[in-house]
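One letter stands for each residue in the lines below.
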Amino acid sequence: MEWWMTLSLILGALMFLMIIGVPVAFSFLAVNVVGAYIFMGGIPGVRQLVVNSTGALTSFTLVPIAMFMIMGEVMFRSGIANDLMDTLDKWFGKLRGRLAFMAVGGGVLFSTLTGNSMGSIALLGSSLTPEMEKRGYKKPMSLGPIIGSSGLAIMIPPSALAVLLGVVGELSISRILIAIILPGLIMAVLYAAYIWIRCTVQPSVAPTFDIPYTPWPEKLKSGAANIVPIGVVVFSVVGVIFLGWATPTEAAASGAVATVLLALFKRRLTVRKFGASMFESSNLSVMILLIVGTAIGFSQLLAFTGVTFGLMNAVMSLDISPRMIVLMMILSVVLLGMFMGPLPIMLITLPIYIPVVTQLGFDPIWFAVLFLIAIETGATSPPVGAALFVMKGVAPKGTTMMDIYRAAIPFLICDFMALILVFTFPQIVTWPVEMMFR
Amino acid sequence: MSSIKMSRLNDWMAAIMRGVSAVNLALAALAAAILVAATLMVFSEIISRLLFNRSLMWTVEVSGYSLLYMTFLGAPFLLEKNRHVAIDLLAGALPATPQKILTALTNLFGAVICLYFAWYALQVTIDQYQHGIRVTSVLRPQRYIFTAVVPLSMLLLTIQFVAHAVHSLRGTSDAE
Amino acid sequence: QQQLRVVSFIPQAIPLATGFQAFIDGINDEFAGEVQLNWIGGPEVINPFDLADAVRNGAIDVALISPSYYSGTVPASTTNNLSMKTYEEIRGTGYYERLDELHADRGLKFWGEIPASEIGFNIWLGDEITSLDDIRGKRIRVFPTAQPFLEAMGANTTIMPIGEIFTAMERGVIDGFVQGNQGWAPQYGDVVSHYVSPQFYRAGFNVLVNQDAWNRMSEDLRERLQTYLRDDLAYQLEAESWDQYLALGEQEIEEAGYVELRLEGDDAEDYLNQSLETAWDLMREDLGEDLANELMDMLVD
Ligand code: NA
Ligand code: NA
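Residues numbered from 1 in each chain as written. Chains lettered and ligands numbered in written order. Predicted model: local features only at pLDDT ≥ 70, side-chain atom pairs only at ≥ 80, totals over all residues. Heavy atoms only, no water.

**Student:** Explain the overall build of chain B here, please?
**Tutor:** In terms of regular secondary structure, chain B is built from six helices and zero strands. Put simply, chain B runs from its N terminus to its C terminus through helices and strands in the order α-α-α-α-α-α. By the compact-globule yardstick of 16 Å for 176 residues, chain B is too spread out, its C-alpha radius of gyration being 21 Å. Contacts in chain B between residues at least 24 apart in sequence constitute 70% of all its contacts with a sequence separation of at least 6. Counting every atom, chain B has about 8,700 Å² of accessible surface; 70% of that belongs to carbon and sulfur. (Helix = DSSP H or I, 4+ residues; strand = E, 2+ residues; numbered from the N terminus. Rg over C-alpha atoms; globule rule 2.2 N^0.38 Å. Contact = heavy atoms within 4.5 Å. Areas by Shrake-Rupley, 256 points an atom, 1.4 Å probe, with all protein chains shown as cover.)

Structure (structure tokens):
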């Protein structure tokens, strides 16, 4: 069989199963089992699949994913996230678009403690939108900033998806974690710039309102109590990697322990909350890891059948410039993101894309960052970006999906600008990495 | 079949599912306990290295094994609660009856795949046990210890898929 | 014509793989029309540590693998590294026939070896080393065979895939590693600064075949395949395949400016003896006194 026929058959079967509603992990498993039977010599192939799948999950490189989950769960359940919002509230004075800026600020702060965006969107949505409605904010300035900034969770460490990218693409996880920080901050700045411009041009979207005056001593006290400890947690994840004290796995463990200690120190962690956080972190990890385990089997199947090799040669012999190829890959990720979740997209495309990028001579870390921005963009893009549905869940009654789509689009444009910036100026990625690693 | 027999069958089914459900929950709790233990273990490695200049390198290996156990132990509970990531675009767009039939079919399909995989996973486990095959690593544990969790998990997943299919055909909601 | 699917424990594109290509070409030329080896890939297809199992299962037909990578399946396989002899010297002892039997016990066919006796192993370190005492307490990445030797020198050992060594060195997760001297220096920059020589052990890569696939072939063909690899091709591979590779490696190490801690005379002899003794001690535990001693008599003078 020609490689492209094999590829269409395997991918077609996978897509079919996913679309009729077979859970993603079991769609992968089914294709792996049947594929192993057909292409790897019948029953022996299936037995090998068992061996491969246990081998794939027995990897300490995947361990951070589970521990990053602990950080996010503990932060939200113990109320640390609420404390952060309170502090922001005190620090942001009277300014136009105040609540929208708070959404971006909250998105950045939360992103330093959580590795997936669902928690951020739920918390920002439920804590800020009622106030925004009350103050007469229009939907583009209430829902938009929340949707936009929630995605920062995967762009600023800890980031479960960044770790996964490193594992599946066989790239240095430490480097990816460092490389995403600056692009993440650039995205936050772009969001803030957009909010400022929109509020200036069209003041009616975000009416100003009087707020009680917070004296400086109280601002400082609140900052010291709530923001400074976060610095310690951030250090326990990113700092220890910078300093070469710990591997990404160890950094994840120290981040998890630091978050729990912080919650204990603030007397916010009851036994019940601790138990619930651990149970839920474990559930979320299981959900992700089962997909990861089956998807690794899937990429081995692709390699075994010669599809990876065939596809790579075909792309390499295309008569367009290498940068064009990279651009097309990135756009394909955004497009897929309109219909699928981040995990399946990463796990289907990375085994094919990374070898091509490396072969073309590009810095794979640069590509990884572009890839993550594209994933983040896709997760917040219509029609079925997962974040949008979470937003719908916490938005005020009477909010339609159309309201949410319209609110999301300006922030998607910001994401595209970030993509173009990183694509045009790879230094945004390579410079910090070079600084930190020698 | 008489209605009395039918209802007795239903009682039996319900009792079995309660038992399975308890097992699922217990295993999910065990998975969470493993996660906590693994986190503390890796953390103790950093502390030991930074403060006492002594490396506990076995933690790297054991944390990998923890992940495998955690994943397979926790999977059946998530399926019971319908929490595995799925793309429900098509099912969501269908009218009620075709939707029920589609859900039943996808669940039965899941059951077949999991049962098939469970069977060969069991054979691989037995083979590894009989040949005394070890993991190639520093600690060199017996490999069947880790493979064994796969058939267990896959069997529970099979049962859960069948239960979902039955529920879906009967029209009751299966997510509590 | 028999089609056999081959997977190697290293990627096809790295310098070390040239010797594997020579093996594939050698067999395909000699047995044209009878046997065809199709090398479908490396670690991207099957995890190197699962490769021997894949051959046992029959998911693939042939594996080209470093002996210690499947010590979990055939514990005696490791012994292949534990020698300072050449292929020719070992060939005369009946060692390969004995390996044949030991593999058969575990459901594998041992076809023969792609020898590379000239390749040995050094200890590479990120910090200055002035004597072997400096290794005490260091965190060293080893392959399973070298573990007891480094432990005996007081190191903390770990096993990780070759691909993770660089990042681990760079981040200070490990202080050094045991490896041959080829193919990596240009990419490693200054994460390495010192190394210990002489080289210890020998390299050789085992060719494993699935038993059913092997038995499908006629007895005459099996006989000729085995004889050709063990008594003809192996000698060619050992003599011709590695020269360029070794020269390149030495040049790379020189250009990288790594500082050598060269043990001389008695020190060197003690070092090499200890590398073998510690490993064979472990072998006696794993294989039992009788088998370990029997194999050691063949491999060590
Ligand atoms: Na966004
Ligand atoms: Na984050």
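And the narrative resumes.
**Student:** Can you walk me through the sheet that holds strand β8 (residues 176-179) of chain C in this structure?
**Tutor:** Consider a sheet: its strands pair through backbone hydrogen bonds, and that pairing is either parallel or antiparallel. Residues and elements named next belong to chain C. The strand order β7-β6-β8-β5-β9-β11 describes an open sheet built from six strands, whose pairing is mixed. Both edges of this open sheet fall to β7 (156-158) and β11 (259-262), since each of them pairs with a single strand only. Shown here is a sheet whose adjacent strand axes are inclined to one another by a mean of 25°, direction ignored. Across two bridges, strand β6 (residues 139-141) lies against β8 in parallel orientation. The residue of β8 that forms the bridge with Ile140 is Gly176. Contacts from helix α11 (residues 265-287) reach β5 (121-125) and β9 (194-200), with the element oriented near 70° to β9. (Pairing = 2+ DSSP bridges. Axes fitted to C-alpha atoms, helices over the stretch in contact; angles between N-to-C directions.)

**Student:** Is there a simple way to explain the nonpolar core in this structure?
**Tutor:** Considering soluble globular proteins, one finds that nonpolar side chains tend to be buried as a cluster. In terms of nonpolar packing, the biggest core is built from 300 residues, with Phe23 and Leu150 of chain C touching the most fellow members. Tallying contributions element by element places helix α14 (residues 271-304) of chain A first for this core, with 16 residues. If we ignore the near neighbours within four places in the chain, the residues touching Leu150 of chain C are Ile123, Ile135, Ile140, Val142, Ala155, Thr157 and Val178 of chain C. Met169, Val173, Ile174 and Ile253 of chain C belong to the second-largest nonpolar core, a separate cluster that totals 15 residues. (Core = buried A, V, L, I, M, F, W, Y, C linked by side-chain atoms within 4.5 Å. Buried < 20%, exposed > 50% of the residue type's maximum accessible area, 1.4 Å probe, protein only.)

**Student:** Got a minute to help me understand the packing of helix α11 (residues 181-201) of chain A against helix α18 (residues 364-379) of chain A in this structure?
**Tutor:** Describing two packed helices takes the angle between their axes plus the distance from one axis to the other. Residues and elements named next belong to chain A. Where α11 meets α18, the closest approach of the two axes is 11 Å, and the angle between their N-to-C directions is 40°. The angle between α11 and α18 falls in the class oblique. As α11 runs across α18, the sense of the crossing is right-handed. The segment α11 lies against α18, with Pro183, Met187 and Tyr191 engaging Val369, Ile373 and Glu376. Considering only residue class, the contact of α11 with α18 consists of five nonpolar, no polar and one charged. (Parallel < 35°, antiparallel > 145°, perpendicular 65-115°, else oblique. Left-handed = near helix turned anticlockwise from the far one by under 90°. Nonpolar A, V, L, I, M, F, W, Y, C, P; charged D, E, K, R; others polar.)

**Student:** Would you explain the pairing of β5 of chain C in this entry?
**Tutor:** Within a regular strand, side chains alternate between the sheet's two faces. All names here are of chain C. Of all the five residues making up β5, five are buried; the element is thus mostly covered by neighbouring parts of the structure. Residues Phe121, Ile123 and Leu125 point to one face of β5 and Asn122 and Trp124 to the other, with burial holding for every one of them. Bridge analysis of β5 against β9 gives four bridges, and the strand direction is antiparallel. The partner of Trp124 across the bridge, within β9, is Tyr195. Pairing of β5 with β8 involves four bridges; the strand directions are antiparallel. Each bridged residue has a counterpart across the sheet, and for Asn122 the counterpart in β8 is Gln179.

**Student:** When you look at the environment of Val150 of chain B in this model, what are you seeing that I'm missing?
**Tutor:** Relative to the helices and strands, Val150 of chain B resides in helix α6 (residues 149-170). In this structure Val150 of chain B touches Thr54 of chain A together with Phe72, Phe117 and Ala121 of chain B, once residues within four positions along its chain are discounted.

**Student:** Please clarify how the interface of chain B and chain A should be interpreted in this entry.
**Tutor:** By a frequent convention, interface size equals the accessible area lost on bringing the separate parts together. Each partner contributes residues to the interface: chain B has 54 residues there, and chain A has 54 residues. Summing both sides of the interface, chain B and chain A together bury roughly 4,900 Å²; the carbon and sulfur share of this comes to 80%. Applying the counting criterion to the chain B and chain A interface returns one salt bridge. Across the pair Arg83 of chain B and Glu280 of chain A runs a salt bridge, and its minimum N-O distance is 2.6 Å. Connecting chain B to chain A are four residue pairs in polar contact (both at pLDDT 80 or more). Mapped onto the side of chain B that touches chain A, the elements with two or more residues apiece are α1 (3-52), α2 (58-80), α3 (89-93), α4 (96-131) and α6 of chain B. With 15 residues, the top contributor of residues to the side of chain B that touches chain A is α1 of chain B. A breakdown of the residues in the side of chain B that touches chain A according to their chemical character gives 39 nonpolar, ten polar and five charged. (Buried area = accessible area lost by both parts, 1.4 Å probe. Salt bridge = Lys/Arg side-chain N within 4 Å of Asp/Glu carboxyl O. Polar contact = N/O pair within 3.5 Å; in protein donor to acceptor, adjacent residues only side chain to side chain.)

**Student:** What's the story with the pairing of strand β3 (residues 62-65) of chain C in this structure? I'm lost.
**Tutor:** Residues and elements named next belong to chain C. Residue alternation in β3 divides its side chains into two sets, Val62 and Leu64 and Ala63 and Ile65, and both sets are buried. Judged from the three bridges that link them, strand β1 (residues 2-8) and β3 form a sheet pairing that is parallel. Note on β3: the bridge partner recorded for Ser8 is Leu64. Of the strand pairs in this sheet, β3 and strand β10 (residues 203-210) are connected by four bridges, and their pairing is antiparallel. Its bridge partner lying in β10, Val62 is registered against Val209.

**Student:** Quick question: what am I supposed to make of the packing of α11 of chain A against helix α20 (residues 401-424) of chain A here?
**Tutor:** Residue and element names in this part refer to chain A. Relative orientation of the contacting elements α11 and α20 amounts to 140°, with a least axis distance of 9 Å. With respect to their mutual orientation, α11 and α20 come out oblique. Remark: the crossing between α11 and α20 carries right-handed chirality. Of the residues in α20, those touching α11 at Pro183, Ile186, Met187, Leu190, Tyr191, Tyr194 and Ile195 are Pro410, Phe411, Cys414, Asp415, Met417, Ala418, Leu421 and Val422. Class assignment for the residues of the contact of α11 with α20 results in 14 nonpolar, no polar and one charged.

**Student:** Mind showing me how you'd approach the coordination of the sodium ion (ligand 1) here?
**Tutor:** The reference angle at a metal is 109.5 degrees if four donors form a tetrahedron and 90 or 180 degrees if six donors form an octahedron. All names here are of chain A. The coordination sphere of the sodium ion (ligand 1), as far as protein atoms go, consists of Gly148 (O), Tyr191 (OH), Glu376 (OE), Glu376 (OE) and Asp415 (OD), spread over 2.5 to 3.0 Å. Along the chain, the residues that donate to the sodium ion (ligand 1) are spaced as G-x42-Y-x184-E-x38-D. Taken together, the residues span a long stretch of sequence, with Tyr191 in helix α11 and Asp415 in helix α20 at a distance of 224 residues. An identical accessibility class is assigned to Tyr191 and Asp415; each is buried. (Donors = N, O, S within 2.8 Å, 3.2 Å for Na, K, Ca; no water.)

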